[in-house]
Amino acid sequence: MVGAGVSGDATRLVRGLRWVSLGRSERAAWGRCQGSAATPYDTVVAADRPSTTSCSCPSRHRPCKHAVGLADLAADGQIAVTEEPDWVARIVTRRPFTQASPGDGAPTGPSAGPVDPEAAARRAEARRDKVAAGLTELQLWLGDQVRTGLAQLPRAGYGHFDAIAARMVDAQAPGVAASLRALPADLVTADWPGRALHALGGLHLLARAHQQLDELPEELAWTVRSRVGYPVSKETVRARPAVVDRWWGLAAIDTVEYQLSTRRVWLRGLDSGRWAMWLTVAPPGRDLDPTIRPGRTYACAAQFYPGSGQYRALIEPALPDPDLPPASEVTPDEVTLTRSWGGDDLATIGSQLADLLAADPWATRLPVVLAGVPVPPPQAGGPWQLRDAGGRTVPLVEGEGDPWPLVAQAGGEPLQVMGEYDGRRLLPLAVLPDEHGRRYSTVMAG
Amino acid sequence: MTTPAQWAELVTTALLGTDRRPLEAADAPGQVLRQAARHRVLDRLAAPSMIEDPDPAAPPVGAPIQAGRPAPEPADRLLDQLLRTPDPALVSCWLSVCADRGCVVSALHWTALARLAARSTGYDRSALGAALGPRGRWFLQQNPEWRRLAADAQAPVAPPGPPDRPSAPVLTADDVLADPERLLAHPQPWGPDLVSAAYAVLGGEGLVPPSRTFASRLGIALPTELYPSIARAGEFYVLAPDASPARRRTIRDRFVTLELAAYARAAIHHAFTDSSTSITRAEIPHV
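Residues numbered from 1 in each chain as written. Chains lettered and ligands numbered in written order. Predicted model: local features only at pLDDT ≥ 70, side-chain atom pairs only at ≥ 80, totals over all residues.

Caption draft 1: Spatial organisation of the overall build of chain A. Per the secondary structure count, chain A includes 12 helices and 14 strands. Compactness check: chain A gives a C-alpha radius of gyration of 24 Å against a globular reference of 22 Å for 446 residues, within 12% of the reference. Judged by the C-alpha coordinates and their principal axes, chain A covers about 70 × 60 × 40 Å. Across the 446 residues in chain A, those meeting the buried criterion constitute 41%. Taking all contacts inside chain A whose residues are at least 6 apart in sequence as the whole, residues at least 24 apart take part in 59%. (Helix = DSSP H or I, 4+ residues; strand = E, 2+ residues; numbered from the N terminus. Rg over C-alpha atoms; globule rule 2.2 N^0.38 Å. Buried ≥ 20, exposed ≤ 12 C-beta atoms within 10 Å, placed from the backbone. Contact = placed C-beta atoms within 7 Å.)

Written out as structure tokens, the structure is:
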């Protein structure tokens, strides 16, 4: 996420008031920005990776506000294609522009060099053995919890779970470690015994599935690896078939997990109707990659990570579709004509969830568009609900405020709400435009 | 398939522990975990929320059809900006102009407007009700916390047209200097002597100092054609030779507030019309 200070400055810069020259090529976008110094700052942003930047300003914050502003201008398609000046050519032929990004899986730095397939296979085998040993320990731990009784878990504290989670990190199973660390949060709810037993059962199933990895269908095996926490290189993803479509960024949700800022952006193909999730993660003090934004449409390819029930995808090149401006900048009628599906009812969503769980039994989020009427609680403090045309209701996840904006948009009639459904509750993320003139909005509480 | 009773039994076993509540199985903990894994998936597919509630909370009764056309896009954007740092006088001005033009405010702003107006009586609730339209007033009625606001917003708004003015008492410049609030209560048009007296109050020549919000309210009430006079008056009073620096700063602050409010009011009117004319920003001299 762009920090508050950077965002404000970047917004001002985006207006182009302080740019001396701007241009872009296939490799990069560049500009000279008049800052507080006598000479303008030379700013360059890589075309395919907006997080790769160069700026001559003295800011210690990278990417600096000038680079963020320039990337924003480039993403909006407001910079004309011109020949690269010499100073830009010098920059883009040096590191980090010539360097693959850390998550690409390409060799970098001191380890750069030709990949030895046999050595890679040996490393993969060693890792699998390490994970298997860790998961065997996990099964013993799970059995111990059930043998001695779950009643002691709420009093056991975070340390009880942190110890086994740390062991899973050592065993290179970070996905399992994250599930274990999330467990104590469930122990404060009223129905914690059932929830805790479900969580332990899910981990038991995962450990068993890993034991039988070679016998599973290939896509399900990828899903098991993904849930355990095996890394997947971007090169592996790029080698998979691409789904070319106009991908509309519907909504984004930011979370902080173990000091890592994470943003999920949900996209849906306008032609295919397929869901995709673009994930970006930033360490403390760094901004999240703002390349994909809610409201914008990207005419490009999505390459999905391997695994059944997998929504995560690479969206490349993430350039906004020039024919489809952001949903917030056009009339509701125009958006409805170009970006509308109609919402589902809860019965349909139930079968979508069944499909997802059949593909990925550990899945926790189903992206949905529900056509429903928001129903305020009869008494203050009660749960808000969405009611579909059949009279079925689903509770809404409580947010920082009450979802009155949904009532305002709905007017007692169904509206299309995009959200994440976990099988129990719906987290509303966006209201989609419809033929009744409702406008696209991501303000869900007020 | 696990019945609710079987699941409850399983949870009880897990809570107490299979050491204390043994099962007839070789691997009792493993059996509990396997059943839990299966139930975890089935439970989510048969979530209670998905089952029709025999006694559901009643959904809101359908809202009436909205009357009036939506506020123009520039006006909508301007309201969005005003709501970021809301000033009751300016927001009320926007609402009044919106209602006078026969427009209604977008549903995207209803919640923010309702929350602000429910907390402060500084907002013109009649104008809010008129700008919300029948659908927006229905919205106010849905939240019990906004009941008072909804009642105030239902109050009828005077129809547009020449007001039926009773003969207003004559107001003189001396009256304004003695009590500047009387000017704001006096019907327009104001004579030049009254406006000059109001400027004199801001310039510190009134018999009583102006209230904290007087400059802002005067700016909103001031006719647009008098906007250029603000800069001239500001220059006259701010650069008065006999004033101390502190006094000049105070006077300048008042005229800056006056100018800002008058400019915002002009911008609000501008946003509701297709007119391409715009006013040049007046500048109050620095101390």
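Caption draft 2: Quick peek at the interface of chain A and chain B. Listed by partner, the interface residues are 49 residues for chain A and 41 residues for chain B. Of all the secondary structure elements, the ones that give two or more residues to the side of chain A that touches chain B are α4 (117-148), α7 (192-211), α11 (346-359), β10 (366-375), β11 (385-387), β12 (393-395) and α12 (404-410) of chain A. Here the side of chain A that touches chain B gets nine residues from one element, more than from any other, and that element is α7(A). Considering only residue class, the side of chain A that touches chain B consists of 25 nonpolar, 18 polar and six charged. (Nonpolar A, V, L, I, M, F, W, Y, C, P; charged D, E, K, R; others polar.)

Caption draft 3: Structural detail: the domain arrangement of chain B. Residue and element names in this part refer to chain B. Domains assigned within chain B are domain 1 (4-50), domain 2 (69-153) and domain 3 (173-272). A C-alpha centroid distance of 27 Å is found between domain 2 and domain 3. On the domain 3 side, the residues contacting the 13 residues of domain 2 number 11 residues. Of all the secondary structure elements, the ones that give two or more residues to the side of domain 2 that touches domain 3 are α3 (73-82) and α4 (88-100). Top element by residues in the side of domain 2 that touches domain 3 is α4. It accounts for six residues. (Domains from an automatic or database assignment.)

Caption draft 4: Just the pairing of strand β5 (residues 242-257) of chain A, in detail. Residues and elements named next belong to chain A. In terms of strand pairing, β5 meets strand β8 (residues 297-304) through seven bridges, oriented antiparallel. Paired with D245 across the two strands is C300, which belongs to β8. Sheet analysis places β5 next to strand β6 (residues 260-269), joined by 10 bridges and oriented antiparallel. Across the sheet, I253 pairs through a bridge with R264, a residue of β6. Adjacent in sequence and paired antiparallel, β5 and β6 are bridged by two residues, among which Y258 carries a positive phi angle near 50 degrees. (Pairing = 2+ DSSP bridges.)

Caption draft 5: The arrangement of the nonpolar core in detail. Of all hydrophobic cores here, the largest spans 154 residues; its most connected members are I315(A), W94(B), C98(B) and A131(B). Setting aside chain neighbours within four positions, we find W94(B) in contact with L78(B), L79(B), L82(B) and I268(B). Counting residues in each nonpolar core, the second largest holds 21 residues, with Y41(A), V45(A), C55(A) and L73(A) among its members. (Core = buried A, V, L, I, M, F, W, Y, C linked by C-beta atoms within 7 Å.)

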